[in-house]
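Structure assessment
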Amino acid sequence: MENDNWVNKPGKAQKSLKLRKMMKCFCSGEQLQIGDMVPLPDSPATKDYRASVRSSRAGDTGNIEEAESSLRESGALNYEEARALLGRYEYQKGNIEAALHVFEGIDIASVTTKMKVTLAKRAQIQKRRSQKYDTPPMSIHAVSLLLEAVFLKAKSLQALGRFKEAAQSCTVILDIVESSLPEGLPENFGADCKLQETLSNAVELLPQLWILADAPKEAIMSYRRALLRQWNLDVQTNAKIKKEFAIFLLFSGNEYNPPSLRFQMDSSFVPRTNIEEAILLLMILLRKVTLQIIEWDPSIFDHLSYALSISGGLWALANQVEELLPRNIDLCERHHILALCYYGEGDNFTALNLLRKLLSSAEDPTCVPGLLLASRICAESLECAEDGINFARRAIESLQGRCNHLMGVANYVLGLSLSAQSRAAMTDSERVRMQSEALQSLESAGRLTKMNDSNVIYHLCVENAEQRNLDTALHYARCFVELEGESTLKGWMLWARVLSAQKKFPEAETVIDEAVDQSGKWDQGTLLRTKAKLQIAQGQVKNAIGTYVQLLADLQIQRKIFGLEENLKKEKDFNRTMELETWHDLASIYIKSSRWQDAEFCLSKSEAISCYSASRLYIAGLLHQSKGLHKAALTDYTNALAVDPSHVPSLISTAVVLRQLGNHSPATLMSYLRGALRLDRTNVAAWHNLGLIYKEEGSAMETAECFEAAWFLEESEPIEPFR
């Protein structure tokens, strides 16, 4: 369309006066006097605007000044610029549909080339001020005005719910600027107009529009475009975009392609997943907070904590906490978070020391989360179980009359600590009392949590099973599997173990088969090993060997796959242990069948995995013992105890071999067996052999007690320990 001049080129004062009269007329709805106005064609812009602003009465100084700037540089206000001014005026009044009608009349494609040339020449002039250049085809103010019109059009479309069109409109701005200035905007570019403000707003808005338009891939590209290009964004805007992008990566629910390698510098880190990219962005933001480049935002640390927790980066999270300035994080909160990190990484000693410091009288002795975590950690150690009981009771005291759910958690950790303490009890009466208190605490936890906490139900099952309340344990095992949606392997395993304790081996195998069907290919190792043990218990030795062979084949495939992944250390260690124990299980089968050569082959395979394994040395001792080589067997058992002094099978077998050799006192033999019972109170072999020694000593009452305990435990012994 032809660009009509609204104003010719008389003097500057006359130009300004006439423009102000025109704007006043537009705003009031009146007509300019013929003598005050330069003859003007009846253009569509004039018609549209007169129709849209007839009801307005207020002036717009900003519009006038923008128009004056354009007029001073170009001497005329063309059709597109006029519509840009009029559309902005309507938008500022809140007439969104009228503004959009005006903006849609702008043919931005017809002036795109001129805008690009103007921007490029402006950049050259700014870089080399001493040189002279041809006059740009447009003024920088006109370019700024038109780009603002495109942005306001996008905002209008957004307000009307037309998000995809709004995003496409916003993209036009970035395309024009990016193609004009491929190396990025020079510093202070467009500082004398609204160009930088409009560009910053467009860069920030575009990914939000794509998200609203349900176009996540385009949103990802827009975020990366905003951060990888030189847009001269201010620090706060850049930080805001990084944070929004990280949150989108964490919670969008989809996995997207990593950033292109062409944007990466040599030896720089290239994130491979959404989580890694989000962590990188959040760590950059946290570093800027530490350097006081941006203000402290607690949500940055919260999102980073979540991202590192789900990705197994708790050491990295601990390092980030250590670097936070004291004014950004409370000392008690620092100790609590660090304790969680160390506990998550398996360093219980450091975690507990931090919690002891947190819970000291000098800091916060009534911190309920700290008390609960400290009790939970203590419950995992027989030596610290008494401290765990004290921590849990302090938490219960602090929670009186408060949250029932937290009170349930406090009773839960109290039950765990009491259970641990019962296993370390010196007398039977003390052990029975603590077991009863543990069960009562867990039952209270179940009531307070309305039986919706899977951890509580799981440990109710374990505690009842260990106290041989097998029907109750079976009920809780089924409840746990149902509550977890049949998705947790440990629930299926516990269910099968309880059934095996009831000597319902076929039913237990059916449960394991169901779990295999529900699980992924690489999660079946533990299930297959349990299935093989169930088959052995039913006398199906050949089937058990076939199951073990299948398990070893799966582990070999996993080893090849995981060997290519550097970040799967835990999976590698677990599979390594599983393969080691599988070879030992096979060796045990061959030893019982007197297939010694096959047993030696299995031991050679396990030795290649770990030559300093207590279980391997123990199996080697069994092999020598089955051949009648008692002294060689004793050496193997002694070496196994040197590697792991708490290896219960080696303690029992040492006593058995010493008794066969006949050159040690009964007190020495009993010390090994009692040591085994301190570690595993329900071990049938330990009770049976202890009864044999008492029988030889002529202690009828002790003999009867030991044989009775062995018989009772054997009648309800699971194929694998409940815990």
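Every value quoted in this text rests on a predicted model; they were computed, and no experiment measured them. (Residues numbered from 1 in each chain as written. Predicted model: local features only at pLDDT ≥ 70, side-chain atom pairs only at ≥ 80, totals over all residues. Heavy atoms only, no water.)

Focus on the overall build of the protein chain
Inclusion rule: To qualify as a helix, a DSSP run of H or I must reach at least 4 residues; to qualify as a strand, a run of E must reach at least 2; elements of each kind are numbered from the N terminus. Note on classification: 1.4 Å probe, protein chains only; a residue is buried when its accessible area is under 20% of the maximum for its type, exposed when over 50%, partly exposed between these limits. Contacts are residue-level and defined by heavy atoms, with any inter-residue pair within 4.5 Å sufficient.
Of regular secondary structure, the protein chain possesses 34 helices and zero strands. The buried share of the protein chain, taken over its 723 residues, is 49%. If you take every contact in the protein chain between residues at least 6 apart in sequence, the share linking residues at least 24 apart comes to 61%.

A short note on the pattern of salt bridges
Here is the rule: Between Lys or Arg on one side and Asp or Glu on the other, a salt bridge is scored when a side-chain nitrogen of the former is within 4 Å of a carboxyl oxygen of the latter.
Going through the model one piece at a time under the given rule, you end up with 28 salt bridges. Notably, a salt bridge pairs Arg162 with Glu165, separated by 2.8 Å at the nearest N-O pair. The partly exposed category is assigned to Arg162, whose relative accessible area is 30%. What makes Glu165 partly exposed here is its relative accessible area of 37%. Of the charged contacts in the structure, one is a salt bridge between Arg723 and Glu466, with a shortest N-O distance of 2.8 Å.

What about a nonpolar patch on the surface?
For the record, the criterion: Residues enter a patch when their relative accessible area is above 30% and they make no salt bridge; the linking distance is 9 Å between like charges and 5 Å between nonpolar side chains (Val, Leu, Ile, Met, Phe, Trp, Tyr). Only the protein chains shown count as covering a residue, and every accessible area follows the Shrake-Rupley method with a 1.4 Å probe.
On the surface, Val235, Leu291 and Ile293 cluster together into a nonpolar patch covering about 260 Å² of accessible area. Structurally, Ile293 is set in the loop between helix 12 (274–290) and helix 13 (298–310).

Observations regarding the environment of Lys627
Our working rule: Residues adjacent in sequence count toward polar contacts only when both atoms are side-chain atoms; beyond that, a polar contact is any pair of N or O atoms within 3.5 Å, and within protein one must be able to donate a hydrogen and the other to accept it.
Along the chain, the position of Lys627 falls in the loop between helix 29 (614–626) and helix 30 (630–643). The class of Lys627 is partly exposed, set by a relative accessible area of 32%. In this structure the C-alpha to C-alpha distance between Lys627 and Trp596, which are 31 residues apart in sequence, comes to 8.7 Å. Dropping the residues within four chain positions of it, Lys627 is found in contact with Trp596 and Glu600. Only 2.8 Å separates the side chain of Lys627 from the side chain of Glu600, close enough to count as a polar contact.

Structural notes on the packing of helix 19 (residues 404–423) against helix 20 (residues 428–448)
For the record, the criterion: All axes here are fitted lines through C-alpha atoms, helices being fitted over the stretch that makes contact, and every angle between N-to-C directions spans 0 to 180 degrees. Any angle that is under 35 degrees is reported as roughly parallel, and any over 145 degrees as roughly antiparallel; angles of 65 to 115 degrees are reported as roughly perpendicular and all others as oblique. Put simply, a crossing is left-handed when the front helix is turned counterclockwise from the back one by less than a right angle, and right-handed when it is turned clockwise. When residues are sorted by character, Ala, Val, Leu, Ile, Met, Phe, Trp, Tyr, Cys and Pro go into the nonpolar class, Asp, Glu, Lys and Arg into the charged class, and all the rest, Gly among them, into the polar class.
At a minimum axis distance of 7 Å, the contact between helix 19 and helix 20 shows a crossing angle of 160°. Looking at the two axes, helix 19 sits roughly antiparallel to helix 20. Seen along the crossing, helix 19 lies across helix 20 with a hand that is left-handed. For the pair formed by helix 19 and helix 20, the contact residues are Asn404, Met407, Gly408, Asn411, Tyr412, Leu414, Gly415, Leu418, Ser419, Gln421 and Ser422 on the first element and Arg431, Met434, Gln435, Glu437, Ala438, Ser441, Leu442, Ser444, Ala445 and Leu448 on the second. Of the residues belonging to the contact of helix 19 with helix 20, the class tally is nine nonpolar, 10 polar and two charged.

Comments concerning the packing of aromatic side chains
Inclusion rule: Two rings from Phe, Tyr or Trp (for Trp, the six-membered ring) form a pair when their centres sit within 6.5 Å of each other. Planes less than 30 degrees apart are called stacked, planes more than 60 degrees apart edge-to-face, and all others tilted. By definition here, charges over rings are those cases where NZ of Lys or CZ of Arg is within 6 Å of the ring centre and within 35 degrees of the ring normal.
On inspection of all chains with the given rule, the structure shows eight aromatic pairs. Pairing Tyr223 with Phe245 gives two aromatic rings, centres 4.9 Å apart and planes at 15°, and the pair type is stacked. Separated by 22 residues along the polypeptide, Tyr223 in helix 10 (residues 216–228) and Phe245 in helix 11 (residues 235–251) bring together distant segments of the chain. Judged on exposure class, the residue Tyr223 and its partner Phe245 are both buried. Taken together, a centroid distance of 6.0 Å and an interplanar angle of 80° make the contact between Trp583 and Phe601 edge-to-face. Of this pair, Trp583 sits in helix 27 (residues 569–592) while Phe601 is found in helix 28 (residues 596–609), placing the two residues 18 residues apart along the sequence. Note on Trp583: relative accessible area 12%, which makes it buried. Through a chain of ring-to-ring contacts, the aromatic side chains of Tyr223, Phe245 and Phe248 assemble into a single cluster. Note that Lys490 overlies the ring of Tyr458, its terminal NZ or CZ placed 4.3 Å from the centroid.

Concerning unusual backbone geometry
What you tend to see is this: most non-glycine residues have negative phi, and most peptide bonds are trans. A positive phi angle, near 55°, is found at Lys450, a position not held by glycine. With respect to the helices and strands, Lys450 occurs in the loop between helix 20 and helix 21 (454–466). Of note, Lys503 is a non-glycine position whose phi angle comes to about 65°, a positive value. Since its relative accessible area comes to 36%, Lys503 is described here as partly exposed.

As for helix 22 (residues 470–483)
Operational definition: To estimate how far a helix should extend, the number of its residues minus one is multiplied by 1.5 Å. It is the directions from the helix axis to the C-beta atoms that the arc portrays.
The terminal C-alpha atoms of helix 22 lie 20 Å apart, and with 14 residues this matches the ideal 20 Å at 1.5 Å per residue to within 8%. What helix 22 keeps buried is the set Leu470, Ala473, Leu474, Tyr476, Ala477, Phe480 and Val481. All buried residues of helix 22 lie within an arc of 165° about the axis, which places them on one face of the element. Exposed side chains of helix 22 directed beyond 90 degrees from the buried face belong to Asp471 and Glu482. Against helix 21 and helix 23 (489–501) lie the buried residues of helix 22. Immediately downstream of helix 22, the backbone of Gly485 shows phi near 65°, a positive value.

Here's the deal with the confidence of the model for the protein chain
Quick note on the threshold: Each residue carries a pLDDT score, the predictor's confidence in it, ranging from 0 to 100.
Looking at the protein chain, the pLDDT average stands at 83 and 84% of residues meet or exceed 70. Across residues 70–75, where pLDDT falls below 50, the model places 21 contacts with residues more than four positions away in sequence or in other chains.

What about the packing of helix 10 against helix 11?
In contact at an axis separation of 10 Å, helix 10 and helix 11 are set at 150° when each is read in the N-to-C sense. The angle between helix 10 and helix 11 falls in the class roughly antiparallel. The handedness of the crossing between helix 10 and helix 11 is left-handed. Residue-level inspection shows Pro216, Ala219, Ile220, Tyr223, Arg224, Ala226 and Leu227 of helix 10 in contact with helix 11, the latter providing Asn238, Ile241, Lys242, Glu244, Phe245, Phe248 and Leu249.

What to know about the side chain of Ser222
Following the sequence through the fold, Ser222 ends up in helix 10. Not counting residues within four places of it along the chain, the set of residues in contact with Ser222 comprises Leu206, Pro207 and Trp210.

Some words on the environment of Lys533
Here Lys533 shows up in helix 25 (residues 525–537). Considering only alpha carbons, one finds Lys533 and Tyr548, 15 residues apart in sequence, at a separation of 9.5 Å. Contact partners of Lys533, with chain neighbours within four places excluded, come to Tyr548, Asp585, Ile719 and Glu720.

What to know about the side chain of Ser454
When you line up the elements, Ser454 lands in helix 21. Judged by relative accessible area, which is 16%, Ser454 ranks as buried. Side-chain polar atoms of Ser454 contact the side chain of Glu484, separated by 2.8 Å. Those residues in contact with Ser454 that lie beyond four places of it in its chain are Phe480, Leu483 and Glu484.

Considerations on helix 9 (residues 195–212)
Here helix 9 contains 18 residues, and its C-alpha end-to-end distance of 25 Å stays within 8% of the 26 Å for a straight helix at 1.5 Å per residue. The buried count for helix 9 comes to 13 of 18 residues, which makes it a mostly enclosed element. Trailing helix 9 by a residue or two, Asp214 shows a phi angle of about 60°, which is positive.

A closer look at the environment of Ser444
Locating Ser444 in the fold gives a position in helix 20. Exposure remark for Ser444: the relative accessible area of 19% places this residue in the buried category. Sequence separation between Ser444 and Gly408 is 36 residues; the distance between their C-alpha atoms is 6.9 Å. In terms of polar contacts, Ser444 uses its side chain to reach the side chain of Arg447, at 3.1 Å.

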